[in-house]
Structure formats: C-alpha cells, structure tokens
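# Residue-level structural notes
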Amino acid sequence: MSATDATTGSAAAAAASDERLRRWRLVLGGGPEEGTGRPLTGTDAAMDGALAALYGSGDGKERRSGRRSVGLEGSAPSVARWLGDIRTYFPASVVQVMQRDAFERLGLSALLLEPEMLEAVEADVHLVGTLLSLNKAMPETTKETARAVVRKVVEDLERRLATRTRSTLTGALDRSARISRPRHRDIDWDRTVRANLKNYLPEYGTVVPERLIGYGRAARSVKKDVVLCVDQSGSMAASVVYASVFGAVLASMRSIAARLVVFDTSVVDLTDQLDDPVDVLFGTRLGGGTDINRALAYCQSQITRPADTVVVLISDLYEGGIRDEMLKRVASMKASGVQFVTLLALSDEGAPAYDREHAAALAALGAPAFACTPDLFPEVMAAAIEKRPLPVPADI
C-alpha cells in the first residue's frame, strides 16, 4: 500500500468515526458534548434544538444545565416557528411523525384551530383525523383553511389509489359477469382453453372449444352494490379518511352502486355526498360510542339485491349495542347471498386494539376480521365481488 493510499484510508476512517459520533450526539442530546467529545454546530445544533423542543423533559434548572427540555410551551408563534424548522431539517415522513408526537405529547391540538397553524403543518391522514375530531369546536375563521388542508390530503390519496382501484375492480366485475354464449370480442380465451383441454386434438395441435366462456359487458349497467359501513369512533380516524376516499372512487364507477354509512351510537348515510369526499369527511363526527347492530340493521334495510351486494364493515368491533343481534344480522345477510367483509382497520398502521371475541364470532360465520392496508383494499374488494376467498393476511 502506498503512502497516499494509507493517508486516504486514514482520512476515510476518521470521517466515518466522526459521523458516528455526530449521530450518537444527535440521539443522546443532553449537554454540549454528552460524553461523545463531538460538539454540535450550525445545522446540527439547529436540528438538535428542534428535537429537544419536542422530546426533551425537565424544568428550567435542567435547561440551564444544557440538558434537553421541552421548549414549545404551547404558544402559537413558537409552535409555528418550530413547524417551519422541522420542515427545513427533516424529510416529510419524519415531519409527520414529529407533528403527531407534538400534538399527543404536548397537548397542542387546540392550536390547530388557528389558521396560521394549519398553514404551517405538513398535512397527512393523521392530521385530517385530528381536524375532524376538532370540527365542532372549529371557529368559522379556521374552517376554510381546514377544508383546504383536508382537500390536499384527499386529492393526494385519490391520485395514489384511484387508478389501481378502478382497474382491479373493473376486471373483477367483468369476470363475475361471465356468460356462456359470448360474442367473439367478449370471449375469455384463457378460461375457455382451460375448460376445453379435454377436447385437445393432438393430430391437429389444437383445442376444440366445445364450451365458450366470456365476459359480460359490465360497464353497461350496475353489476354490484357495495355498502361501506364505517365506525367513526375516535380510534378509527384514519379508516374513516380512507373509506371516504374509496367510497368516492367506487361511486365514480358506473357498474357499482356505492353507499357510505358512518356510525357511532347513531347512523348517518352520507351516500349523497360521495361525489366530494371532503364533504363526506366533514359530515362525520369522530368520537362517541359504538352501536354496530344498529348500523348493520340500517345497511340491511337498504339491500335490494343480496346476491349482488358486498357489505364492508370497518370497525374495531367494540360493540355497545346488542351483540347477539349483531351476529344474527351478519348471519342473515350471508344466508341471503350477501358477501360480508369485516375490516378491523383500513389504514397503514395495522390492526388496532379490537374485540377478539367478536372477531372470532364473525370468523365462525365465515366473515374473518382482519386489518387491511389501503393498497390491499382493491384486492379484497375484487375477491368479494368475484365470490372467491379473501386475501386475508397470514398474521391475523
């Protein structure tokens, strides 16, 4: 090894060591060097200050000693400055986590009622849930800003989810409407060949299509009714947001008649607002109790074509109504031909706390309860439409 190579290697090792110390110093916080021998300067010091404002603890004495402490103090100007700082120093995904922690740890949710605060935050699904929970307390001066924040998130979700949802469900609707005497352009050649393999003629190297299988023209009329029945208790905020977006996407498809019902101890049908999911969201009322039986009773009363209906219950299953009646309704709907799907959550966070006894009872009725991510939801709906087994995650 030459002297030049040795020098270069030493410099690289020193740089790597310094970077490790820098990262440890940012993690540890505390005094000027916190035992690392690596003081923070410039941008690093500013990042450390932003982290200290949220994740530090202690009183003024600890602050004077240089240890991390909470520094937001619940005032709108200081929080607005802090929000600007973290957007400067951290990526959007980290900003969203820090915002959520700030509102939970420091009790800053009330500050979202101020327009200048809303303009400063990084909007995401969780922020929308917080805004909806504050909707009734929101002053008129804030509501337009809040609607703009919610609309931005909803439009982002629609761009991400709508195209794949429509294409997946259109294929499912076509397959569910197969006919036995299709026109040439409607023949499903893959299934036709597989259905006629017994008629293979080796001397001619061909299959005689004795029985044709084709797609129905699904787009010409409503083929399926879909009812989204959504628990709007406080723990279901993200699920309500995603369900509203998916409800709007389903309603935009001519071959699906979509209905959106939200409930706590009362039931509200928001179907007539599905052309604008923002209106749907501001029509919800997060929080309160839960009466799944009452909600399912309403949904059942709206079913006119059970064999062509999919009911999706989105709830953590903590029933405040009549448990046995709820289970009887599910059994009755399934016996009539309804495809019944139970989702413990429709979000990216996985399964929340839920009533395991009720989940087991529904599974015994053939309606397994599981958490569903937004990306999986189109596949779940496609399976329900085609009346095939649901793609239930293996870890439920």
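Owing to the predicted nature of the structure, the values given are computational and were not obtained by experimental measurement.

### Some thoughts on the nonpolar core
Counting 79 residues, the largest nonpolar core has Trp82, Leu131, Val312 and Phe377 as its most contacted members. The greatest single-element share of this core, amounting to 10 residues, is contributed by helix H8 (residues 140-176).

### Some words on the confidence of the model for the protein chain
Predicted confidence across the protein chain gives a mean pLDDT of 82, with 83% of residues reaching 70 or more. Per-element mean pLDDT across the protein chain ranges from 38 in helix H3 (residues 60-64) up to 97 in strand E6 (residues 309-314). Confidence over residues 58-70 falls short of pLDDT 50; this stretch has 29 contacts with residues more than four positions distant or in other chains.

### Focus: the side chain of Thr284
Looking at where Thr284 falls in the secondary structure, it is placed in the loop between helix H11 (277-282) and helix H12 (292-301). A polar contact is formed between the side chain of Thr284 and the backbone oxygen of Leu281, at a distance of 2.6 Å. When residues no more than four places from it in sequence are discounted, the contact partners of Thr284 are Leu132, Gln232, Val240, Val262 and Leu270.

### Regarding helix H10 (residues 237-251)
Under the 1.5 Å per step criterion, the end-to-end length of H10 is 21 Å for 15 residues, consistent within 8% with the ideal 21 Å. Taking burial as the measure, the 15 residues of H10 include 14 buried ones, the bulk of the element.

### Describing the sheet that holds strand E4 (residues 256-263)
The 6 strands are arranged E5-E4-E3-E6-E7-E8 in an open sheet whose pairing can be described as mixed. Two strands bound the open sheet, and with one partner strand each, they are strand E5 (267-269) and strand E8 (369-372). Taken over all neighbouring pairs, the strand axes of this sheet differ in orientation by 25° on average, direction set aside. Bridge count between strand E3 (residues 224-231) and E4: 8 bridges; the pairing is parallel. Pairing of Cys229 across the sheet is with Val261, part of E4.

### As for the packing of helix H2 (residues 42-55) against helix H5 (residues 92-105)
A pair of packed helices can be characterised by two numbers: the angle between their axes and the separation between those axes. Interaxial distance between H2 and H5 falls to 10 Å at its minimum, and their mutual angle equals 35°. Between H2 and H5, the residues in contact are Ala50, Leu51, Leu54 and Tyr55 and Met98, Asp101, Ala102 and Arg105, respectively. Each residue belonging to the contact of H2 with H5 can be placed in one class, and the counts come to 6 nonpolar, no polar and 2 charged.

Definitions and limits used
Residues numbered from 1 in each chain as written. Predicted model: local features only at pLDDT ≥ 70, side-chain atom pairs only at ≥ 80, totals over all residues. Heavy atoms only, no water. Core = buried A, V, L, I, M, F, W, Y, C linked by side-chain atoms within 4.5 Å. Buried < 20%, exposed > 50% of the residue type's maximum accessible area, 1.4 Å probe, protein only. Helix = DSSP H or I, 4+ residues; strand = E, 2+ residues; numbered from the N terminus. pLDDT = per-residue confidence, 0-100. Contact = heavy atoms within 4.5 Å. Polar contact = N/O pair within 3.5 Å; in protein donor to acceptor, adjacent residues only side chain to side chain. Expected span 1.5 Å × (residues − 1). Pairing = 2+ DSSP bridges. Axes fitted to C-alpha atoms, helices over the stretch in contact; angles between N-to-C directions. Nonpolar A, V, L, I, M, F, W, Y, C, P; charged D, E, K, R; others polar.

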